[in-house]
Amino acid sequence: GAGVSQSPSNKVTEKGKDVELRCDPISGHTALYWYRQRLGQGLEFLIYFQGNSAPDKSGLPSDRFSAERTGESVSTLTIQRTQQEDSAVYLCASSLERGSRVNSPLHFGNGTRLTVT
Amino acid sequence: AQTVTQSQPEMSVQEAETVTLSCTYDTSESDYYLFWYKQPPSRQMILVIRQEAYKQQNATENRFSVNFQKAAKSFSLKISDSQLGDAAMYFCAYRSGITISTEAQKLVFGQGTRLTINP
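Below is a summary of the structure that appears in this document. (Residues numbered from 1 in each chain as written. Chains lettered and ligands numbered in written order. Predicted model: local features only at pLDDT ≥ 70, side-chain atom pairs only at ≥ 80, totals over all residues. Heavy atoms only, no water.)

Summing up its helical and strand segments, chain A has zero helices and 10 strands in all. Each helix and strand of chain A, placed in order from N terminus to C terminus, yields the pattern β-β-β-β-β-β-β-β-β-β. Over its C-alpha atoms chain A spans a radius of gyration of 14 Å, differing by no more than 12% from the 13 Å that the globule rule assigns to 117 residues. Seen along its three principal axes, the alpha-carbon backbone of chain A occupies a region of about 45 × 30 × 25 Å. Out of the 117 residues in chain A, the part that is buried amounts to 48%. If you take every contact in chain A between residues at least 6 apart in sequence, the share linking residues at least 24 apart comes to 56%. When the accessible surface of chain A is totalled, it reaches about 5500 Å², and 43% of it is carbon and sulfur. Distance between charge centres in chain A, computed from 13 positive and 12 negative side chains, equals 2 Å. (Helix = DSSP H or I, 4+ residues; strand = E, 2+ residues; numbered from the N terminus. Rg over C-alpha atoms; globule rule 2.2 N^0.38 Å. Buried < 20%, exposed > 50% of the residue type's maximum accessible area, 1.4 Å probe, protein only. Contact = heavy atoms within 4.5 Å. Areas by Shrake-Rupley, 256 points an atom, 1.4 Å probe, with all protein chains shown as cover. Lys, Arg positive; Asp, Glu negative; His and termini not counted. Charge placed at Lys NZ, Arg CZ, Asp CG, Glu CD.)

Let us look at the state of the cysteines. Applying the stated rule across the entire model yields two disulfides over all chains. With its sulfur 1.9 Å from that of its partner, Cys23 of chain A forms a disulfide with Cys92 of chain A. Judged by the torsion about the S-S bond (-65°), the Cys23 of chain A/Cys92 of chain A disulfide is left-handed. Here Cys23 of chain A, found in strand β3 (residues 19-24), pairs with Cys92 of chain A, found in strand β8 (residues 88-95); they are 69 residues apart in sequence, far enough to count as distant. For the pair Cys23 of chain A and Cys92 of chain A, a shared accessibility class is recorded, and that class is buried. Shown here is the disulfide that connects Cys23 of chain B with Cys92 of chain B, its sulfur atoms set 2.0 Å apart. Taking the torsion about the S-S bond as the criterion, the Cys23 of chain B to Cys92 of chain B disulfide, at about -70°, is left-handed. Of the two residues, Cys23 of chain B is situated in the loop between β3 (19-21) and β4 (24-26) and Cys92 of chain B in strand β10 (residues 88-96); the sequence distance between them amounts to 69 residues. Exposure class is identical for Cys23 of chain B and Cys92 of chain B. Each is buried. (Disulfide = S-S within 2.5 Å.)

On to the interface of chain B and chain A, then. Contacts between the two partners involve 25 residues from chain B, matched on the other side by 30 residues from chain A. Carbon and sulfur atoms make up 45% of the area that chain B and chain A hide from each other, which totals about 2300 Å². Taken together, the connections running from chain B to chain A amount to zero salt bridges. At the level of secondary structure, the elements contributing two or more residues to the side of chain B that touches chain A comprise β5 (32-39), β6 (46-52) and β10 of chain B. Residues belonging to the side of chain B that touches chain A are distributed by class as follows: nine nonpolar, 10 polar and six charged. (Buried area = accessible area lost by both parts, 1.4 Å probe. Salt bridge = Lys/Arg side-chain N within 4 Å of Asp/Glu carboxyl O. Nonpolar A, V, L, I, M, F, W, Y, C, P; charged D, E, K, R; others polar.)

Structure below.
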């Protein structure tokens, strides 16, 4: 069965360049999350999409980070003018959430490892 | 804001033995979920086990079980009969139960425990 798919798997970019990371959630999942994981660290929440509601952008570290999602499909995380501190694994997750109770597990992709040189 | 603490950066265990990974959390909520995720070198986060806070019975999944102490805000993971394939990073995570705002719907993760299995 199809899980959460992320591309590219690895990305090396020069400082100052823009990058786009893609996430294909599980079909039918209404919620989509982006997390950042620095080397040897836990996961930092970046942004959350739920259906057609306004996204929760409270975790985005700066205005160089943005994300889009069209409906309940693909999401793109964009980092502009990349810095070396942006080097990390960027993980995407999706879940099926109904109503006001949050009881669906998150399904994660394999992440994109971003290296800024 | 909720926080999750894993005080053991690294743990090791002999194959076939039992190991317990610790996790504590801080919250003022009474309705929430707790999770343990495994992250092998492939980077994918794999759900190992989850616990609903309103359930007193500890969750179990085959060789994995938890010791959920709600009053102490403790949520440890026990792995029995450890296998080489259990070697990975293990993350404890917290999530609110009933959400009114999207703020509460994110998973809050601990820093992780790296588990090594010695053959």
